[in-house]
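# Geometric and topological summary
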Amino acid sequence: MQQIKEYKIVVGVEGGSKFSDEVTQLISEGWQPIGGVSAFLGHGEKTTNPEMLSRGYDLQSKIWTFQAMVK
């Protein structure tokens, strides 16, 4: 069994391509994902997003995503 020497956490907000690109870049550098992607619903924050305001919401929650990587 190989010992883990380094550990990183990739964090993203609302998923998206930046999160995916970071994970893909680390894989190309020899990092391996461990476990699955975790998601956490953050607390609501005041919003200026016109779409949310038009629906009558003045708070908007964010979904945070996490992926553990080892080398």
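Model, not experiment: these values are computed from the prediction. (Residues numbered from 1 in each chain as written. Predicted model: local features only at pLDDT ≥ 70, side-chain atom pairs only at ≥ 80, totals over all residues. Heavy atoms only, no water.)

## Some thoughts on the nonpolar core
Core analysis: the largest hydrophobic core is formed by six residues, namely Val10, Phe19, Val23, Leu26, Trp31 and Met69. By residue number, the principal contributor to this core is helix 1 (residues 16-28), which donates three residues. (Core = buried A, V, L, I, M, F, W, Y, C linked by side-chain atoms within 4.5 Å. Buried < 20%, exposed > 50% of the residue type's maximum accessible area, 1.4 Å probe, protein only. Helix = DSSP H or I, 4+ residues; strand = E, 2+ residues; numbered from the N terminus.)

## Considering helix 1
Owing to its 3.6 residues per turn, the α-helix brings residues three or four apart onto one side. In this model helix 1 runs 19 Å from its N-terminal to its C-terminal C-alpha over 13 residues, within 8% of the 18 Å that 1.5 Å per residue would give. Among the residues making up helix 1, those that are buried are Phe19, Val23 and Leu26. An end-on view of helix 1 places all buried positions within 65° of arc, on one side of the element. Opposite its buried face, helix 1 presents the exposed residues Ser17, Lys18, Asp21 and Ser28, each directed more than 90 degrees away. In the core, the buried residues of helix 1 are packed alongside strand 1 (7-13), strand 2 (32-41) and strand 5 (63-70). Phi for Gly30, located one or two positions after helix 1, is positive at around 100°. (Expected span 1.5 Å × (residues − 1). Arc of directions from axis to C-beta. Contact = heavy atoms within 4.5 Å.)

## Let's talk about the environment of Arg55
For Arg55, the location among the structural elements is in the loop between helix 2 (50-54) and strand 4 (59-60). Relative accessible area serves as the criterion here: at 52%, Arg55 is assigned to the exposed category. With 25 residues separating them along the chain, Arg55 and Gly30 place their C-alpha atoms 45 Å apart. Within polar-contact distance, the side chain of Arg55 engages the side chain of Glu51 at 2.7 Å. (Polar contact = N/O pair within 3.5 Å; in protein donor to acceptor, adjacent residues only side chain to side chain.)

## A short note on the pattern of salt bridges
Opposite charge on two side chains makes pairing possible when the charged atoms of those side chains draw close. Tallied over the full model, the rule gives two salt bridges. Linking Asp58 and Lys46 is a salt bridge whose minimum nitrogen-to-oxygen distance equals 3.2 Å. A residue pair is termed long-range when its members are at least 10 positions apart, and Asp58 in the loop between helix 2 and strand 4 and Lys46 in strand 3 (residues 45-46) qualify at 12 residues. Residue classification places Asp58 among the partly exposed positions, given a relative accessible area of 40%. Accessibility expressed as a relative area gives 65% for Lys46, which makes it exposed. (Salt bridge = Lys/Arg side-chain N within 4 Å of Asp/Glu carboxyl O.)

It is worth stressing that arrangement in space is one thing and function is another; only the former is reported here.
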